[in-house]
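Chains, contacts and geometry: an overview
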Amino acid sequence: MTRIQIKQVGEASAARFLEGLGMRIVDRNWRCRLGELDLVALDGSTLVFVEVKARSHDSFVDPALGVDHRKRVKVRRVAGAYLALKRPEFKSCRFDVVSVVTGPPLKLGHIIDAF
């Protein structure tokens, strides 16, 4: 698989996984000049900004390790722009990370309130 295909499989798998947990996906691949949010979901009245990290099955590195300090700062900035432009209704917000290792078998990890 190409990197783009791995990313697409990862984001689609993460979205299905979160929907299975009862979350509602409200935006996918939202972009602005500051960057991109992979997924934005509602978990009850909590707005969740989800960073998806996907790797191929032959990678020996946990995909979640790709969400380093620089990436967290960037996601927070883009989330701020999202809130300013979209003005969604929510009571609280959080940042989750979903890691995906393509299969077979497909492996998913979910870190709630990761940063």
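So, here's what we can say about the structure. (Residues numbered from 1 in each chain as written. Predicted model: local features only at pLDDT ≥ 70, side-chain atom pairs only at ≥ 80, totals over all residues. Heavy atoms only, no water.)

Looking now at the sheet that holds strand 2 (residues 35–43). The mixed open sheet is built from five strands, whose spatial order is 1-2-3-4-5. Sheet topology places strand 1 (24–32) and strand 5 (107–111) at the edges, where each strand pairs with a single neighbour. Geometrically, the sheet is characterised by an average inter-axis angle of 25° between neighbouring strands, direction not taken into account. Sheet analysis places strand 3 (residues 46–55) next to strand 4 (residues 92–101), joined by ten bridges and oriented parallel. Paired with valine 50 across the two strands is aspartate 96, which belongs to strand 4. Helix 1 (residues 3–20) contacts strand 1, strand 2, strand 3, strand 4 and strand 5 of the sheet and is inclined by roughly 145° relative to strand 1. The strands that helix 2 (residues 69–86) touches are strand 1, strand 2, strand 3 and strand 4; relative to strand 1, the one it contacts most, it runs at about 105°. (Pairing = 2+ DSSP bridges. Helix = DSSP H or I, 4+ residues; strand = E, 2+ residues; numbered from the N terminus. Axes fitted to C-alpha atoms, helices over the stretch in contact; angles between N-to-C directions. Contact = heavy atoms within 4.5 Å.)

With that settled, the discussion passes to the nonpolar core. Ranked by internal contacts, the top residues of the largest apolar core, which has 16 residues, are Leu37, Phe49 and Tyr82. Counting only elements with at least two residues in this core, the list comes to strand 2, strand 3, helix 2 and strand 4. A per-element tally of this core places helix 2 first, with five residues. Setting aside chain neighbours within four positions, we find leucine 37 in contact with Arg28, Asn29, Trp30, Phe49, Val75, Val78, Ala79 and Tyr82. Counting 14 residues, the second-largest nonpolar core is a separate cluster that includes Ile6, Leu39, Ala54 and Val98. (Core = buried A, V, L, I, M, F, W, Y, C linked by side-chain atoms within 4.5 Å. Buried < 20%, exposed > 50% of the residue type's maximum accessible area, 1.4 Å probe, protein only.)

Further remarks concern the layout of surface pockets. Of the volumes computed, that of the largest pocket is approximately 460 Å³. Taken together, 17 residues form the lining of the largest pocket, with Arg3, Lys7, Glu51, Val52 and Lys53 sitting closest to its centre. For the lining of the largest pocket, the elements supplying multiple residues, two or more each, are helix 1, strand 2, strand 3 and helix 2. Of the residues that constitute the lining of the largest pocket, the class distribution is six nonpolar, one polar and ten charged. (1 Å grid on protein atoms, 1.4 Å probe; cavity = no way out; pocket = protein on both sides within 12 Å on 5 of 7 lines; lining within 4 Å. Points joined across faces, edges and corners; volume = space filled by probe spheres on them. Nonpolar A, V, L, I, M, F, W, Y, C, P; charged D, E, K, R; others polar.)

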